[in-house]
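Report on the structure
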Amino acid sequence: MANESITDDLIRDFFQTNNLYEENKVIIEKQSTKTKKIDKLLINASKNGAGKGYPDFIIQYKENPNFIIVIESKADTRKHQSDSLDKYKDYAVDGVLLYSSFLSKEYDVLAIAVSGEGKEQLKVSHFLQLKNTKEAHDIFKDDKLLNLSDYEKGYQTDERKFTQDFQELLKYSKTLNDKLHTLKVKESERSLLISGTLIALTDKAFCTSYKLKNPKSLAKSLIVTLEEKLMNVQNEHIKDIISSYTFITTHTILSTQENELRDIIDEIDEKINNFIKTYKYFDTLGQFYIEFLRYANNDKGLGIVLTPPHITELFCEIANINKDSIVLDTCTGTGGFLITAMRQMIIDAGGNEKKELAIKSEQLVGIEIQHDIFSLVCSNMYIHGDGRSNLLKGGCFDEIVKQEVASYKPNVGFLNPPYKSNKDDIEELEFILNNLEQLEKGSLCVAIVPMRCAMYNKGVGLELKSKLLKNHTLEAVFSMPDELFHNSNVAVVTAIMVFRAKEKHPINYKTYFGYWKDDGFIKIKNIGRTDFYNKWEMTKTYWLENYRNKDEHIGHSVKKSVTPKDEWCSEAYIDTDYSILSNGDFIKNIKQYLTYLFNRSNNVSLSIKSKDNNTIELNTKNWKNFKYTDIFKIIKGKRLTKKDQSNGNYPYVSSSSLNNGIDNIIGNGYTDENCLTFACYGSIGEVFYQDEQVWVSDNANVFYLKDRELNPYIALFLVTLLRLEQFRFSYGMTGKKERLETFEIKLPTDNEGNPDWNFMETYIKSLPYSNNL
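Residues numbered from 1 in each chain as written. Predicted model: local features only at pLDDT ≥ 70, side-chain atom pairs only at ≥ 80, totals over all residues. Heavy atoms only, no water.

**Topic: the overall build of the protein chain**
Short version of the rule: Helix and strand labels come from DSSP, where a helix needs a run of H or I of at least four residues and a strand needs a run of E of at least two; each type is numbered from the N terminus. Only protein chains enter the area calculation, which uses a 1.4 Å probe; residues under 20% of their type maximum are buried, those over 50% are exposed, and those in between are partly exposed. Working rule for contacts: check all heavy atoms of both residues, and any pair within 4.5 Å makes them a contact.
Along the backbone of the protein chain there are 28 helices and 26 strands. With the C-alpha coordinates of the protein chain rotated into their principal frame, the extents come out at 85 × 80 × 55 Å. Burial status across the protein chain gives 56% buried among its 773 residues. Expressed as a percentage of contacts within the protein chain between residues at least 6 apart in sequence, the contacts between residues at least 24 apart total 72%.

Now the structure itself:
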């Protein structure tokens, strides 16, 4: 007969031989607890459905009180897990997840289910349920018990745990920003205050004494500690850097009012320093700087757009960063690229301390021109362990700076240049050329720039694109999420460009274009854009595998030979995925059009009936591509200002996505009826069927069929197909007539290979609601 006490003995003996237990760093309790908070949480946790219940084991970490382990055991491996997960009394997994659901209201819980009576036959399942979450997820692939230190490390490095902690950090950044605003600390000084405090907290003497000092003495002590720490840094600008922090000693509130500075230091230690200790080589300061920039209009005017951390990580993967990389960031900012690269390089060094020292002291090169930001990045690199001696203060175009960079022989280039906001600003592509110029031949340069840089086909922009291809190879371009920089409060659509330095772009060389628009991040109030559903790792893996293998997928990626005049973006070349079309897409557009008619006349009687009772299969496999210009006559709309609009009965069509694209009712009208209108600005790519005479503004184009007149059935068929093309448009990629004329549309064909207009009409007539058309 199975004996559960044997299983319990195996579990107890295993953990009591762990180092953490022998060092008295954990508390192991069996079927009970002396911790009042845990006891209270388990008051209704009985596996029988009523009353108090305790798991077989509860393990607490003394130095990590927010994390606990609960273990439930069964002697019989057949009683490991039920199919329904609600047999709490009889199955180990079911029972331990029940306890986890109660304890996760206050703790991060590692729930372990164990079954079996022999050490070699034990069956083990692990689940992590984070505080205030409803679901536990699998963690640790090992089907065996692990050391307590491995459990703690696995918990601390779990991507869901990181996401949760990062969200809390972002929340705190807003709280701290509001507090510093109340204390009259300037936006430009807030990140410096944080970085200076973090450096001071690395000093044991400061940590043990700061709570005992009065405000003036504390402010002075912080600066003295900073000076002692930073004076060992081999950087010619170190005295200037230290001077950036002197505002703390003269600040009218921080240096005079009791407890204000001390409380800030306490919070920074608890909220930020602990995060940095747990997640090494992460640009934490950059995240606070992003928050502070939201309110610093003077800085936003400089075009500062800090790169989100998951994108700095992506850069390192694209460039295949390793322990021998020498990384150059010519627009360093807070150092996000260098810190992420440092992490990747140290991981690749595999614990070789000599190599780690070389990485930090010789292989990370940054250039920053703005004094405050230079001070911040130096402090940031110090906090993350050296690397600061190769930070150069100056402009990346300065010859003296370029000469110094050359001595390092960088073989990887990263940059997120200042984004042009005035006509006299330096072009972003100039910064890319500058970075490439300073790299060793054959090195990769990865840059993120506004999408408009990829669209230039005339003027200075075209000249720069020509110069790039004349001297370097365009390896890849990735179209990034539209709201990637939402957290920086900057509305800019961007693309990542990858160049190989000092190797001329070969004739007919195929560049890889990726449509990387969905990174899985969502916007959450008071947090910003975040990986709430933990989709990023899977998404990143998919993107990189396709890029490395140069795979082409409909709707995602394509290889294309391009010239300087061409668009350097996937949206121009990837095939539209027509396989996703269903009856529902066409029905949706029929209903939308009928809603417009109903609102227009107020007396349309709507029926769900179809015009015909036929059932027609939609099979796009044998459809054929046609150029827009073969099918449509495209005419650009006409400008009509508000003051020139007269009263009347003609719809005025602009770039609205609502009310069939109609913005106003006016007395001017110029188009024939039975046309399609295609918004080229604003709600770009919105297509509508117009059955009456309208005025179409210059924010839209007019589509007529070349060889026949539109009717509602063919029109709504085409509207549905054209709306599939909306991914090709965004800010910087408009629907101008000249651009549309280069596109293609896939249509059903007749036996002679011509568009099968009869099929299109008959198909729409077979759908619900078509009897109303």
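Structure's up, so let's keep going.
**A few points about the sheet that holds strand E21 (residues 662-666)**
Cut-off, in case you're wondering: Here, strands pair whenever DSSP counts at least two bridges between them.
Spatially, the three strands line up as an open sheet ordered E21-E20-E24, and their pairing is mixed. The sheet is open, and its two borders are formed by E21 and strand E24 (695-696), each paired with just one other strand.

**Focus: the pattern of salt bridges**
Worth spelling out the cut-off: Any Lys or Arg side-chain nitrogen located within 4 Å of an Asp or Glu carboxyl oxygen qualifies as a salt bridge.
Per the counting criterion, the structure on display carries 38 salt bridges. Note that Asp108 and Lys161 form a salt bridge whose closest N and O atoms lie 2.6 Å from each other. Taken together, the residues span a long stretch of sequence, with Asp108 in strand E4 (residues 108-115) and Lys161 in helix H6 (residues 159-182) at a distance of 53 residues. This pair shows no difference in class: Asp108 is buried, exactly as Lys161 is.

**Structural notes on the nonpolar core**
To be explicit about the condition: Each nonpolar core is a collection of buried residues, namely Ala, Val, Leu, Ile, Met, Phe, Trp, Tyr and Cys, held together in the definition by side-chain atoms within 4.5 Å.
Within the largest apolar cluster, 97 residues are counted, with the highest numbers of intra-cluster contacts made by Ile272, Leu314, Ile318, Phe414, Phe478, Met480 and Ile496. Ranked by size, the runner-up nonpolar core spans 54 residues in total, among them Leu581, Leu618, Cys675 and Leu740.

**Section: the packing of helix H7 (residues 187-200) against helix H12 (residues 260-278)**
Using the following cut-off: Inter-axis angles, ranging from 0 to 180 degrees, are taken between N-to-C directions of lines fitted to C-alpha atoms, where helices are fitted over the stretch in contact. Oblique is the label for any angle not covered by the other classes, which are roughly parallel (under 35 degrees), roughly antiparallel (over 145) and roughly perpendicular (65 to 115). Side-chain classes follow a simple rule in which Ala, Val, Leu, Ile, Met, Phe, Trp, Tyr, Cys and Pro form the nonpolar group, Asp, Glu, Lys and Arg form the charged group, and the remainder, Gly included, forms the polar group.
Their axes nearest at 10 Å, the elements H7 and H12 cross at an angle of 75°. Here H12 runs roughly perpendicular to H7, going by the angle between their axes. Residue-level inspection shows Leu193, Ile194, Thr197 and Leu198 of H7 in contact with H12, the latter providing Leu261, Ile264, Ile265, Ile268, Ile272, Asn273 and Ile276. Residue composition of the contact of H7 with H12, grouped by class: nine nonpolar, two polar and no charged.

**Description of the packing of H7 against helix H18 (residues 371-383)**
Formally: Crossings are assigned a handedness: left-handed for a near helix turned anticlockwise from the far helix by less than a right angle, right-handed for a clockwise turn.
Between H7 and H18, whose axes approach to 10 Å, the crossing angle comes to 25°. Accordingly, the angle class assigned to the pair H7 and H18 is roughly parallel. When you trace H7 past H18, the crossing you get is left-handed. Residues Ser188, Ser191, Leu192, Ser195, Leu198 and Ile199 of H7 lie in contact with H18, whose contacting residues are Asp372, Ser375, Leu376, Ser379, Tyr382 and Ile383. Looking at the contact of H7 with H18 residue by residue, the classes come out as six nonpolar, five polar and one charged.

**A short note on the packing of aromatic side chains**
Let me state the cut-off plainly: A pair of aromatic rings is counted whenever rings of Phe, Tyr or Trp (Trp by its six-membered ring) have centres within 6.5 Å, and the orientation is called stacked for planes under 30 degrees apart, edge-to-face for over 60 and tilted otherwise. Each ring is checked for a lysine NZ or an arginine CZ that lies within 6 Å of its centre and within 35 degrees of its normal; such an atom marks a charge sitting over the ring.
One pass over the structure, following the stated rule, counts 43 aromatic pairs. Ring geometry for Phe162 against Phe166: centres 5.7 Å apart, planes inclined by 5°, an arrangement best described as stacked. Placement of both Phe162 and Phe166 in helix H6 is noted, with a separation of four residues, approximately one turn of the helix. Site record: aromatic cluster; members linked through ring pairs are Phe478, Tyr512, Trp516, Phe521, Trp536, Trp543 and Tyr547. Between the NZ or CZ atom of Lys465 and the centre of the ring of Trp568, over which it lies, the distance is 4.7 Å. Against the face of Tyr547 rests Lys550, its NZ or CZ located 4.3 Å from the ring centre.

**Description of a negative patch on the surface**
As a reminder, the rule being used: In this scheme, patches are assembled from residues that exceed 30% relative accessible area and form no salt bridge. Like charges are connected within 9 Å, while nonpolar side chains (Val, Leu, Ile, Met, Phe, Trp, Tyr) are connected within 5 Å. What sets the accessible areas is the Shrake-Rupley method with a 1.4 Å probe; for residues, cover comes only from the shown protein chains. His residues and chain termini do not enter the charge count, which takes Lys and Arg as positive and Asp and Glu as negative. One atom stands in for each charge, and that atom is NZ of Lys, CZ of Arg, CG of Asp or CD of Glu.
Taken together, the side chains of Glu552, Asp575, Asp630 and Glu744 make up a negatively charged region of the molecular surface. Within the secondary structure, Glu744 is located in strand E26 (residues 744-747).

**Structural notes on the sheet that holds strand E23 (residues 687-690)**
Reading across from one edge, E19-E25-E22-E23 is the order of the four strands in this open sheet, with antiparallel pairing throughout. Among the strands making up the open sheet, the edge pair consists of strand E19 (632-636) and E23. Adjacent strand axes in the sheet meet at a mean angle of 30°, parallel and antiparallel pairs treated alike. Sheet topology places strand E22 (residues 675-679) next to E23; four bridges connect them, and they run antiparallel. Pairing of Leu676 across the sheet is with Tyr689, part of E23. Packing of helix H26 (residues 712-723) onto the sheet brings it into contact with E19, E22, E23 and strand E25 (700-705), and relative to E23 it is tilted by some 170°.

**Considerations on the pairing of strand E5 (residues 123-129)**
Of all seven residues making up E5, six are buried, and the element is well covered by its neighbours. Bridge count between E4 and E5: seven bridges; the pairing is antiparallel. Within E5, the residue paired with Val109 across the bridge is Gln129. Here two bridges tie E5 to strand E6 (residues 137-138), and the two strands are oriented antiparallel to one another. Its bridge partner lying in E6, Phe127 is registered against Asp138.

**What about helix H28 (residues 757-765)?**
It helps to recall that an α-helix has 3.6 residues per turn; residues three or four apart then point in one direction. Among the residues making up H28, those that are buried are Trp757, Phe759, Met760, Tyr763, Ile764 and Lys765. At its buried positions, H28 is contacted by helix H24 (583-601), helix H25 (628-631), E25, H26 and E26.

**Concerning the pairing of E26**
Within a regular beta strand, the side chains point alternately toward one face of the sheet and then the other, so they alternate between its two faces. Residues of E26 alternate between two faces, with Ile745 and Leu747 buried on one and Glu744 and Lys746 left unburied on the opposite face. One ladder, built from four bridges, connects strand E18 (residues 624-627) with E26; its direction is antiparallel. Counterpart to Phe626 in the pairing with E26 is Ile745.

**Observations regarding H26**
Our working rule: To estimate the expected span of a helix, count its residues, drop one, and scale the result by 1.5 Å. Distance and chemistry together define a polar contact, namely a pair of N or O atoms within 3.5 Å, with one atom able to donate a hydrogen and the other to accept it when in protein, and with adjacent residues in sequence counting only for side-chain atoms on both sides.
Relative to the 16 Å expected for 12 residues at 1.5 Å per residue, H26 spans 16 Å between its end C-alpha atoms, a close match to the ideal helical length. Burial analysis of H26 places 11 of its 12 residues in the buried class, the great majority of the element. What H26 keeps buried is the set Tyr713, Ile714, Ala715, Leu716, Phe717, Leu718, Val719, Thr720, Leu721, Leu722 and Arg723. Here H26 starts with a cap whose side-chain oxygen sits 2.9 Å from the backbone nitrogen of Tyr713, and that cap is Asn711.

**Concerning the state of the cysteines**
Every disulfide links exactly two cysteines, by a covalent bond between their sulfur atoms. Put simply, the rule reads: Counting rule for disulfides: a pair of cysteine sulfur atoms within 2.5 Å.
For the structure on display, the rule yields zero disulfides. Unpaired in terms of disulfides, Cys331 finds its nearest cysteine sulfur in Cys396, a separation of 4.8 Å.

**Focus on the confidence of the model for the protein chain**
Detailed reading of the predicted coordinates is not advisable wherever pLDDT is low. We count it as follows: Residue-level confidence of the predictor is what pLDDT reports, using numbers from 0 through 100.
When pLDDT is averaged along the protein chain, the result is 89; 96% of the residues meet or exceed 70. The low-confidence segment residues 296-303 (pLDDT under 50) makes 12 contacts with residues lying over four places distant or belonging to another chain.

**Side note on unusual backbone geometry**
The backbone phi angle of Phe140 is positive, close to 65°, even though this residue is not glycine. Summarising the element assignment, Phe140 is placed in the loop between E6 and helix H5 (148-156). One non-glycine residue, Asn534, lies in the positive phi region at around 55°. Topologically, Asn534 is positioned in the loop between strand E16 (528-530) and helix H23 (536-549).

**Brief notes about the environment of Trp516**
As for its placement among the helices and strands, Trp516 is situated in the loop between strand E14 (510-515) and strand E15 (522-524). Beyond its immediate sequence surroundings of up to four residues, Trp516 is in contact with Leu314, Ile318, Phe478, Ser479, Met480, Pro481, Trp543, Tyr547 and His556.

**Topic: the environment of Leu773**
Among the structural elements, Leu773 can be located in the segment after H28. For the pair Leu773 and Gly667, spaced 106 residues apart in sequence, the C-alpha to C-alpha distance is 27 Å. In contact with Leu773, not counting residues within four places along its chain, are Ile590, Tyr593, Leu594, Pro712, Tyr713, Leu716 and Ile764.

**Details of the side chain of Glu428**
Inspection of the secondary structure puts Glu428 in helix H20 (residues 428-437). Overall, the relative accessible area of 0% leaves Glu428 in the buried class. Side-chain polar atoms of Glu428 contact the side chain of Arg452, separated by 2.6 Å. If we skip the residues at most four places from it in the chain, Glu428 touches Pro417, Pro418, Tyr419, Lys420, Val449, Pro450, Arg452 and Cys453.

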